[in-house]
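Tertiary structure, described
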Amino acid sequence: MGFLERYEEAVASFDKAIEFKPDFDLAWNNRGYALGFLERYEEAVASFDKAIEFKPDFDLAWNNRGYALGFLERYEEAVASFDKAIEFKPDDDWAWNNRGYALGFLERYEEAVASFDKAIEFKPDKHEALVNKGNVLVKLKRDGDAIEFYNRALNCIDPQWWEAWNKNQGLANISALKKEAAVKTSVYIPTPDEQGSSSKFHSEKLKQLQYYMMQQPSLFSDLSQAKKSYEEALEFLTFDKFPEEHLQFLQELLKVYSSDNPEKFQENLEKGTQQLEELNEEPKSEQERITLDSKLAAFNQMRVDILAQSKVPEKHIEALERAEIRKNICLAWLKEGSIYQPPTEEFEFKQTQKLLNPKTAVIYWHLSPIAITTFIIKHNEPLKILSPQLPSESQQKDSRPYFYQLQRFERWMQRWKKSYEDYCNAPYTDKQTTPWRKNMKSMLETLGEILEIKRIVQDNLQDVDNLILIPHRELHLLPLDYLFNEKDFIITYLPSFQIGLQLLESTSNSENTDSPKLVNIEMSLNNLLFTDIQSAALYHLYPSYGKFPNQTVTKTNLIEALGEYEGYFHFTGHGYHILENPIESALVLADTEKLTLGDIFECPELDLRKYQLICLSACETGVTSQEFSKERIIDEYVGLVSGFLAKGANHVVSTLWRVDERSTALLVIKFYQLLKQRQTPTIALRQAKDWLRQSTHQDLAKWYRDLAKELNEPQSKASLETEAEIIEDHIKKKKKEPTEVPYAHPYYSAGFILTGKPRTTG
C-alpha cells in the first residue's frame, strides 16, 4: 500500500498485523514510516518507539525516528536518535547524513561537516551528503570548498539527469551588479522525453535534493554568465511542461534584464504576465490560487515599476491604481464575513481625495524585486513619485537609483531582522545590551536616509499636519511614523486606500458615545506587577468595564464578550501571524485555545463596528514574531490588524516588537487617560508616546503618586507609592538624575502604532 501511496490503508494494515502480533517490531517501524508520509509525525515517533521497545538494536527504526523528530524541529533528540542508529550500524550512510542535517539546524556546523564526511566515506557517490556538506560549508563561509562538493554531487547523478543538473545550479551571486540575486533553479525536473510514471518517481526521489540546491549559491563571475544560466534553464523548463517552475524562473531572469536590456525586460514581462493569466484559468482551489498569486506576485510588481518610472504623468496614476488593486486582492482573502469587499469597479486615483483635506497627505510605498516606489498624494494636487537620489560616489557606477535604493533597504532589512532574532533569543539579563536594542536609534536613522524621509518632508509636507502611511510588504514590520519625528505630524496607518474608504463609509455605533465601555482581556502573564496596575487603572477610568476575573478566557466566551460590549476592546497577551494563510493568524488564549481571524469572520453576528478602538497590547501583534527573520514577504502582508479593520473596527493599536512590561503599562494608562479627556485615538497615542519619551524620573515619581491617589485597589495603590519612593530615594542618594529621561529610547514607544480611520477634517 505504501508504494501505491495509499498510506491511510497501509497504516490500517500495519494496525491489523500488530493486533495479531503486538511485539512485531517491523510492523511498528513500517507503520511509523507510513505515518510520516501522512505528516503525522508525533504518531510516527510513537510508532518507532514501540519498534525500538521490542527490538532495541533496530538501527532502521532509530534512523526513521530521528528523521520524524527532525520534521518536528526536535533536533537535539533527532541527533541522539541517529547516534543510536550509528551505534548499531556504524556504516549507515543515511544515518550519518541525517545526523549532519540535524546538526546543521542546530548551527553546529563543524560537527555537521564531520558527519557528512562519514556518510561520504561509506558511500562516496552519495549526492545528498555531498550537497548537504556544500550547504554547511557555505554557512561556514567556505564558498570555494562548497562549489567543489556541489560539482561532485552533479557527477554522481545518473547520466539521464545530467542535462538538468548542468543547466540549473542553485543560487547566483552576481558581483557585477553588487546584488545577491536569487537565481532560483529546479534541478530535478525529468528530461522532456522521460514522462509518465518513471518521471514522477524520479522527480519525487530527487525532490529533497532540489530543495537543498535551490537554497545555496554557486558563483557567477559576471552578469552575462548569470543571464546565460537563466536562459538555458528556461529552455529546459518550458511553460508547457513545467508552467509554475518556468514562471518562477522567469521572474528571476527579469531582474537581470531590468538592469541592462529594457526591451527584453518588457517583452518577457508581457509574456510572463500572459502565461500567468493562462495558468490561473486552470481549475484550482481558492487556497491554491492565493498561493500561486503570492509566489508570482513579482510580475504585477514590476509592471507597477514600469508605469511609475515612465515620463508620462498619466502612467504614474496607473501605477498607483495597479498597486492598490493588488493590495485589495490580497486583503480580499479576508472578505468572507468582513465589511471589506474588493471593489466591483477598478480603483481610480480620484477616490483618494475622499481621504484628504488641505492639511492631510498620504505616503504610499510599493516594493518590487527591482525598486522601491514612493507615491506622495496630496489634496487636489497632481500625484508625485519620489525620484531617489544616488550618492555622488555612485552616480558614475550605477544609473539605476530605484534599484540602488532597494539594495540598500534589503541589506538594512536583513540586518534588522537578524539582530531582532538574536534579541529574542538572548537571555533576559542580556537583552538591553544586544545590538538590536543598542543600535536601534542609529539603524532607524539609516532607514530614514534610505527612504529619503527628510527630502519627502522638506519638498512636499511643509504645509501638512496629518499623515496617512500606507506601507507595503516588509515595510509593515517597521515604525515608519518614527522616521517623520522632526515635524509634529498626526500619523495614522492604513493597509490600503480601499480599507480607509470603507471605514469612512461604515457607521460606528460607538464613535460618539460619551462614556465608552471597555472590555479588558488579560491573559496570564505571571502576575506581572505593572500589568496588574494597568488593569486597576483601566477599571478606574472605565467603570462600565468588562473583565474575566475568575474565568478562563476561551474562544467562545471571548466572542460572547465582544458581542455584548462596545466602545473599546483591550487585549494583553500574545499574538502570532501565519504568512501563507492569514486567516489562521491568532490571539493566544487559555489552555492552547486561540482566537483566529477565521473565528471572527465565521461569526456573522459579531459586528466590530461597535468598537471605536481595539488595543492589542501584546507581543508583536502588529506584525509578527521573529519567524519573519527567516522569511521574506514577497507579496502584500495581511495580518491581525487588517483583519480587525476588515471586520469593522475603527482603529487598532498594535505592537511591532516584544515590549517592556513597565513602559507598556505606563504608555497604555496614559493613552486611556487621554482618550478619557476626549482625544481621538490617533492624537492620544501620539501624545502618550511623546509623554513617555519626555518624562523624567522626577515626573514619573509624581505621576505614580497622582495615580495612586486615584485608584481604589489597595495593592496597586501601595505598589505605585513604593515605586515613587524608590525613585525619590535614588534621586536623593544621587543614584538617578532627576532630569534623566529613562524611556527616551525608541524601543519603549516606537513599536506602538495605530491603524484605522483617518481624520478627514483639517
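Residues numbered from 1 in each chain as written. Predicted model: local features only at pLDDT ≥ 70, side-chain atom pairs only at ≥ 80, totals over all residues. Heavy atoms only, no water.

1. What about the overall build of the protein chain?
Heads up, the rule is: Runs of E in the DSSP output that reach at least two residues are strands. Runs of H or I that reach at least four are helices, and both are numbered from the N terminus. Partly exposed residues are those whose accessible area sits between 20% and 50% of the maximum for their type, while under 20% is buried and over 50% is exposed, using a 1.4 Å probe and protein chains only. Only heavy atoms matter for contacts: two residues are in contact if any of them lie within 4.5 Å across the pair. Per-residue accessibility takes into account occlusion by the displayed protein chains alone, with areas from the Shrake-Rupley method and a 1.4 Å probe.
A tally of helices and strands in the protein chain yields 31 helices and 15 strands. Within the protein chain, the proportion of its 762 residues that are buried is 55%. When contacts within the protein chain are restricted to residue pairs at least 6 apart in sequence, those whose partners lie at least 24 apart make up 70%. With an accessible surface of roughly 34,300 Å², the protein chain has 49% of that area assigned to carbon and sulfur atoms.

2. Brief notes about the packing of helix α14 (residues 243–260) against helix α17 (residues 298–308)
Under the convention used in this document: Geometry is summarised by axes, namely lines fitted to C-alpha atoms with helices restricted to the contacting stretch, and by angles between N-to-C directions that run from 0 to 180 degrees. Oblique is the label for any angle not covered by the other classes, which are roughly parallel (under 35 degrees), roughly antiparallel (over 145) and roughly perpendicular (65 to 115). Each crossing gets its handedness from the near helix: less than a right angle anticlockwise from the far helix is left-handed, clockwise is right-handed.
Following both chains from N to C, one finds α14 and α17 inclined at 30 degrees, their axes separated by 10 Å at the closest point. With respect to their mutual orientation, α14 and α17 come out roughly parallel. Between α14 and α17 lies a crossing whose hand is left-handed. Between α14 and α17, the residues in contact are Leu247, Leu250, Gln251 and Leu254 and Ala298, Phe299 and Met302, respectively.

3. Examining the environment of Ala701
With respect to the helices, strands and loops of the structure, Ala701 is situated in helix α30 (residues 697–710). Measuring from C-alpha to C-alpha, the distance between Ala701 and Glu721 comes to 8.6 Å, with 20 residues separating the pair along the chain. Those residues in contact with Ala701 that lie beyond four places of it in its chain are Ala724, Ile727 and Glu728.

4. Describing a negative patch on the surface
This is how the line gets drawn: Patch membership needs two things, relative accessible area over 30% and no salt bridge, and members are linked within 9 Å if like-charged or within 5 Å if nonpolar (Val, Leu, Ile, Met, Phe, Trp, Tyr). Definition used for salt bridges: Asp or Glu carboxyl oxygen within 4 Å of a side-chain nitrogen of Lys or Arg. Charge convention: Lys and Arg are scored as positive, Asp and Glu as negative, and His as well as the terminal groups of each chain are ignored. All charge positions are set by atom: Lys at NZ, Arg at CZ, Asp at CG, Glu at CD.
A cluster of acidic side chains, namely Asp240, Glu277, Glu278, Glu281 and Glu282, defines a negative patch on the protein surface. Tracing the chain through its elements places Asp240 in the loop between α13 (223–236) and α14.

5. Some points on the confidence of the model for the protein chain
Operational definition: Each residue carries a pLDDT value, the predictor's own confidence for that position, ranging from 0 to 100.
Averaged over all residues, the pLDDT of the protein chain equals 80, while 80% of them reach at least 70. Considering only residues more than four positions removed or in separate chains, one finds that residues 336–340, a stretch of pLDDT under 50, has 22 contacts.

6. With respect to unusual backbone geometry
One non-glycine residue, Asn380, lies in positive phi territory at about 55 degrees. Note that Asn380 resides in the loop between β4 (372–378) and β5 (384–385). Despite not being glycine, Arg678 has its phi angle at roughly 75 degrees, a positive value. Along the chain, the position of Arg678 falls in the loop between α28 (661–676) and α29 (681–694). Overall, Arg678 belongs to the exposed group, its relative accessible area being 56%.

7. A look at the packing of helix α5 (residues 75–88) against helix α6 (residues 93–105)
As a packed pair, α5 and α6 sit with axes 9 Å apart at the nearest point and diverge in direction by 160 degrees. Overall, the two elements α5 and α6 adopt an arrangement that is roughly antiparallel. Viewed along their axes, α5 and α6 form a crossing whose handedness is left-handed. Packed against α5, whose contacting residues are Tyr75, Ala78, Val79, Phe82, Asp83, Ala85 and Ile86, the element α6 presents Ala95, Trp96, Asn98, Arg99, Ala102, Leu103 and Phe105 at the interface.

8. Brief notes about the packing of aromatic side chains
Put simply, the rule is: Aromatic pairing here means that ring centres of Phe, Tyr or Trp (its six-membered ring) are within 6.5 Å. Orientation follows from the plane angle: under 30 degrees is stacked, over 60 is edge-to-face, and everything else is tilted. Both a distance and an angle decide whether a charge sits over a ring: NZ of Lys or CZ of Arg must be within 6 Å of the ring centre and within 35 degrees of the ring normal.
Across all of its chains, the model carries 26 aromatic pairs by this definition. For the pair Tyr542 and Tyr568, a centre-to-centre distance of 5.5 Å together with 80 degrees between the ring planes defines the contact as edge-to-face. Within this pair, whereas Tyr542 is found in the loop between α24 (529–541) and β9 (545–547), its partner Tyr568 is found in strand β10 (residues 567–576), the two being separated by 26 residues in sequence. For the pair formed by Tyr542 and Tyr568, the shared burial category is buried. Every member of this aromatic cluster is reached through a ring pair, and the members are Trp412, Trp416, Tyr420, Tyr423, Trp436, Trp657, Tyr743, Tyr747 and Tyr748. Directly above the ring of Tyr423 sits Lys431, whose terminal nitrogen or CZ lies 4.6 Å from the centroid. In this structure, Arg437 packs its charged tip against the face of Tyr747, placed 3.7 Å from the ring centre.

9. Remarks on the pattern of salt bridges
Overall, the coordinates contain 35 salt bridges when judged by the stated rule. Note that Glu76 is salt-bridged to Arg108, the shortest N-O span being 3.3 Å. Taken together, the positions of Glu76 in helix α5 and Arg108 in the loop between α6 and α7 (109–122) put the pair 32 residues apart, joining distant regions of the chain. We note a salt bridge from Glu87 to Lys84, for which the minimum N-O separation is 3.3 Å. Placement of both Glu87 and Lys84 in helix α5 is noted, with a separation of three residues, approximately one turn of the helix. Owing to a relative accessible area of 49%, Glu87 belongs among the partly exposed residues under this scheme. Salt bridges here are not isolated pairs; linked through shared partners, they connect Glu42, Arg74 and Glu77.

10. Remarks on α30
Defined as follows: Each residue after the first adds 1.5 Å to the expected span of a helix. Here, the arc refers to the directions that run from the helix axis to the C-beta atoms.
If you check α30, its first and last C-alpha atoms are 20 Å apart, about what 14 residues at 1.5 Å a residue would give, namely 20 Å. Among the residues of α30, those classed as buried are His697, Leu700, Ala701, Trp703, Tyr704, Leu707 and Ala708. Projection of α30 onto a plane perpendicular to its axis shows the buried side chains occupying an angular sector of 165 degrees, all on one side. Residues Lys702 and Lys709 are exposed on α30 and point more than 90 degrees away from its buried face.

11. With respect to the nonpolar core
Note the cut-off: We define the nonpolar core as a collection of buried residues of types Ala, Val, Leu, Ile, Met, Phe, Trp, Tyr and Cys that are connected through side-chain atoms lying within 4.5 Å of one another.
Phe484 and Tyr672 are the most contacted members of the largest nonpolar core, which has 86 residues in total. Per-element accounting of this core gives the leading share, nine residues, to α28. Ignoring sequence-local partners within four residues, the contact set of Tyr672 consists of Leu518, Leu538, Leu541, Tyr542, Tyr568, His570, Leu613 and Cys615. One finds Ala308, Cys330, Val638 and Phe644 within the second-largest nonpolar core, a separate group that totals 59 residues.

12. Examining the pairing of β10
This is how the line gets drawn: When DSSP locates at least two bridges between a pair of strands, those strands are taken to pair.
Along β10, eight of the 10 residues are buried, which leaves the element largely enclosed by surrounding structure. Of the strand pairs in this sheet, strand β8 (residues 518–522) and β10 are connected by five bridges, and their pairing is parallel. Opposite Leu518, over in β10, you have Tyr568 as the bridge partner. In the sheet, β10 pairs with strand β11 (residues 586–588) via two bridges, with the strands oriented antiparallel.

13. Considering helix α1 (residues 7–20)
Residue pairs three or four apart in sequence face the same way in an α-helix, which turns once every 3.6 residues. With 14 residues, α1 ought to run about 20 Å at 1.5 Å a step, and its terminal C-alpha atoms sit 20 Å apart, in line with that. Buried residues of α1: Tyr7, Ala10, Val11 and Ile18, and no others. The buried residues of α1 occupy one face: seen down the axis, they fall within an arc of 100 degrees. Exposed residues lying more than 90 degrees from the buried face of α1 are Glu19 and Phe20. Tucked into the core, α1 has its buried residues touching α2 (25–37).

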